[in-house]
Amino acid sequence: MQNTPLPAAIFKIPRELAVQYNYRAYKFWGFGLLQMNIINCRDIETVMSSSKHSDKNFMYKFLHPFLGTGLLTSNGKKWQHRRKILTPTFHFNILKEFLIIFHEECDKFAKSLMAETQEADGTNLPPLTSYVTLNTVCETAMGVKLDSYSGSSEYRKSIYEIGTLLLHRFLRPWFYNDMIYSLFGWMRTLRKQLIPVHDFTSKIIEQRRIHFLESRDNGKILKLDDNENVYETKKKRYAMLDTLLAAEADGLIDFEGIREEVDTFTFEGHDTTSSALTFIFLLLAHHQDAQERVYQEIKTALEDNDNQDLATNELNELEYTSRVIKECLRLYPPVPFITRSVTEDMKIENEIIPEGSIVHIHIFDLHRDPEQFPDPERFDPDRFLPENVEKRHPYAYVPFSAGPRNCIGQKFALLEIKALLQHVLMQYRLTPVTTREEIQFVGDIILRAKTPIKVKFNLR
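Here is a short report on the structure shown in this document. (Residues numbered from 1 in each chain as written. Predicted model: local features only at pLDDT ≥ 70, side-chain atom pairs only at ≥ 80, totals over all residues. Heavy atoms only, no water.)

## As for the sheet that holds strand β1 (residues 26–30)
Next up, step 1: Within the open sheet, the four strands sit side by side as β1-β2-β9-β6. Their pairing is mixed. Every interior strand has two partners, whereas the edge strands, β1 and β6 (337–341), have only one. Strand-to-strand twist in this sheet, taken as the mean axis angle between neighbours without regard to direction, amounts to 25 degrees.
Next up, step 2: Pairing analysis gives four bridges linking strand β2 (residues 33–38) to strand β9 (residues 358–362), with the strands arranged parallel. Following the sheet pairing, methionine 36 is matched in β9 by valine 359.
Next up, step 3: Lying over the sheet, helix α2 (residues 41–48) contacts β2, β6 and β9, oriented at roughly 130 degrees with respect to β9. (Pairing = 2+ DSSP bridges. Helix = DSSP H or I, 4+ residues; strand = E, 2+ residues; numbered from the N terminus. Axes fitted to C-alpha atoms, helices over the stretch in contact; angles between N-to-C directions. Contact = heavy atoms within 4.5 Å.)

As structure tokens, then:
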């Protein structure tokens, strides 16, 4: 490990320890706390299925200057309250509205790839996938077409810079102390980048509130069920922000809370999906047979639909495509690990883990446990045939987490991924440039590589 750079070492060491301990739990002491690292699906079920151990640990505080204590970073009753407010946003009827946006943005993205066909040495995927996912999430969260909105370029640049700064701090434990981080000037640098982001979000909230109040006064309400109402408009499409404004009108959330949730969904929603798409494109490029089957499945569905964009139910019926996506998320989960605080004594591996300890759940290694996934590095979508899924432990595969704190936006993300595959694969065939062995990952809350991840886009 002497010649391994720090960012890569932080990612690599847990992978080596997982093998060394045969995919069983191991522990160490750090920051004066017991740190329990779990990989085995049965231990992970113990943590994830319990509401008693759902609190995020101290490392999530690094996100507080940006995201406050929104759905990602909050705990306890506040998290439960926010989750209840936001749940209607991902109702089936709302996802159908979002899908229209996905198709529009994915179509623009696919057309923009025409220029990439001229790149002889291939195209680096992360900047491209991040661009399109940020566009889609900004319109679905805030109702803003980012490319055509004043101030969007500064907002986009600052979002990327904030991500870089957070990664920089995460990889340097000596900056975990707020005082030291501030003394070296990094807190000031972060806050400087936060100004245009928070100003942009605040401006959108104020503008949307005016339109929301007009729509509410006109009685435009979309009834979801007996308990949930969101407001619908004729002039503007529904956005997640409308649900939050409805909650504000009922006294359930304040302006700061709205901004927390919009910033959280925008940041997390685009970064994780971008990571997923990057590795899906990579694996499809390397497995031409799988790519061809996905292409043919989508093509057949489009022909059956008179070549109209596929609707939600049609995308959900793409069985082989769904298995491919699941296998890609197994090999390259967008969130490679999550952490929890132990709020009362817990038993792991026949050992009592005391209250106040930290539990790290290594999803990247969980998905490579040979007991659950034989020959784990092999790409095999048939692992997710129903008869094979039934044989596995229910917590052996958790790319969107599981239990009470599972990802609220997982259906949203999967629809976006499938829409993008429709538009890209119908126009381009992907061929490999970067090999899987060349990828050098870095430690981060999102699966990220230090090195470029390239494929070649070829017109069909």
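## So, helix α4 (residues 76–86)
Next up, step 1: Restricting attention to buried positions, one finds in α4 the residues Trp79, Arg82, Arg83, Ile85 and Leu86. Projection of α4 onto a plane perpendicular to its axis shows the buried side chains occupying an angular sector of 160 degrees, all on one side. The outward face of α4, more than 90 degrees from its buried face, is lined by the exposed residues Lys77 and Lys84.
Next up, step 2: Next to the buried residues of α4 lie α10 (240–249) and α11 (255–286). (Buried < 20%, exposed > 50% of the residue type's maximum accessible area, 1.4 Å probe, protein only. Arc of directions from axis to C-beta.)

## Things to note about α2
Next up, step 1: Within the span of α2, buried status applies to Cys41, Asp43, Ile44, Val47 and Met48. Buried residues of α2 fall within an arc of 155 degrees about the axis and therefore sit on the same side.
Next up, step 2: Next to the buried residues of α2 lie β2, β6, β7 (346–348), β9 and α15 (363–366).
Next up, step 3: N-capping of α2 is provided by asparagine 40, with a side-chain oxygen placed 2.8 Å from the backbone N of arginine 42. (Polar contact = N/O pair within 3.5 Å; in protein donor to acceptor, adjacent residues only side chain to side chain.)

## A look at the nonpolar core
Next up, step 1: Of all hydrophobic cores here, the largest spans 128 residues; its most connected members are Ile38, Met142, Ile361, Leu421 and Val424.
Next up, step 2: Per element, the largest residue contribution to this core is 13 residues, and it comes from α11.
Next up, step 3: Residue contacts for methionine 142: discarding those within four places in its chain leaves Val137, Tyr155, Phe200, Thr201, Ile204, Arg208, Ala239, Leu241, Val262 and Thr266.
Next up, step 4: Core analysis: the second largest hydrophobic core is formed by eight residues, Met59, Phe170, Tyr176 and Phe337 among them. (Core = buried A, V, L, I, M, F, W, Y, C linked by side-chain atoms within 4.5 Å.)

## A look at unusual backbone geometry
Next up, step 1: Of note in this structure, asparagine 307 is not a glycine but carries a positive phi near 60 degrees.
Next up, step 2: Under the relative-accessibility criterion, asparagine 307 is labelled exposed at 58%.
Next up, step 3: In the Ramachandran plot, serine 401 falls in the positive-phi region, its phi being about 60 degrees despite a non-glycine side chain.
Next up, step 4: For serine 401, the location among the structural elements is in the loop between α16 (386–389) and α17 (410–425).

## Comments concerning the pattern of salt bridges
Pairing between side chains of opposite charge can happen when their charged atoms approach one another.
Next up, step 1: Within this structure, the stated rule accounts for 26 salt bridges.
Next up, step 2: For aspartate 271, the salt bridge identified is with arginine 448, shortest N-O distance 3.1 Å. Of the two residues, aspartate 271 sits in helix α11 while arginine 448 sits in strand β12 (residues 448–449), which places them 177 residues apart along the sequence.
Next up, step 3: Under the relative-accessibility criterion, arginine 448 is labelled partly exposed at 26%.
Next up, step 4: For glutamate 327, the salt bridge identified is with arginine 383, shortest N-O distance 3.0 Å. In this pair, glutamate 327 sits in helix α14 (residues 319–331) while arginine 383 sits in the loop between α15 and α16, placing the two residues 56 residues apart along the sequence.
Next up, step 5: Given the relative accessible area of 6%, arginine 383 is considered buried.
Next up, step 6: Put simply, Glu104, Glu105, Lys108, Glu139 and Lys145 are held in one network by salt bridges that share partners. (Salt bridge = Lys/Arg side-chain N within 4 Å of Asp/Glu carboxyl O.)

## Comments concerning the sheet that holds strand β10 (residues 428–432)
Next up, step 1: If you walk across this open sheet you meet the three strands as β3-β13-β10, and the pairing is antiparallel. One side of each edge strand has no neighbouring strand; the edge strands of this open sheet are β3 (123–124) and β10.
Next up, step 2: Sheet analysis places β10 next to strand β13 (residues 454–459), joined by five bridges and oriented antiparallel. Paired with tyrosine 428 across the two strands is leucine 459, which belongs to β13.

## A closer look at the packing of aromatic side chains
Next up, step 1: Going through the model one piece at a time under the given rule, you end up with 24 aromatic pairs.
Next up, step 2: When the centroid spacing of 4.9 Å and the interplanar angle of 50 degrees are considered together, the rings of phenylalanine 62 and tyrosine 176 count as tilted. With a gap of 114 residues between them, phenylalanine 62 in the loop between α2 and α3 (64–67) and tyrosine 176 in the loop between α7 (152–170) and α8 (178–183) connect regions that are remote in the sequence. Note on accessibility: phenylalanine 62 and tyrosine 176 belong to one class, buried. (Phe/Tyr/Trp six-rings, centres within 6.5 Å; stacked < 30°, edge-to-face > 60°.)

## Regarding the packing of α4 against α11
The angle between the axes and the distance between the axes are what describe a pair of packed helices.
Next up, step 1: It is at 12 Å that the axes of α4 and α11 come closest, and there the two elements cross at 75 degrees. Accordingly, the angle class assigned to the pair α4 and α11 is roughly perpendicular. Across the interface between the two elements, Lys78, Arg82 and Leu86 from α4 touch Gly257, Glu260 and Glu261 from α11.
Next up, step 2: Across the contact of α4 with α11, the residue classes break down as one nonpolar, one polar and four charged. (Parallel < 35°, antiparallel > 145°, perpendicular 65-115°, else oblique. Nonpolar A, V, L, I, M, F, W, Y, C, P; charged D, E, K, R; others polar.)

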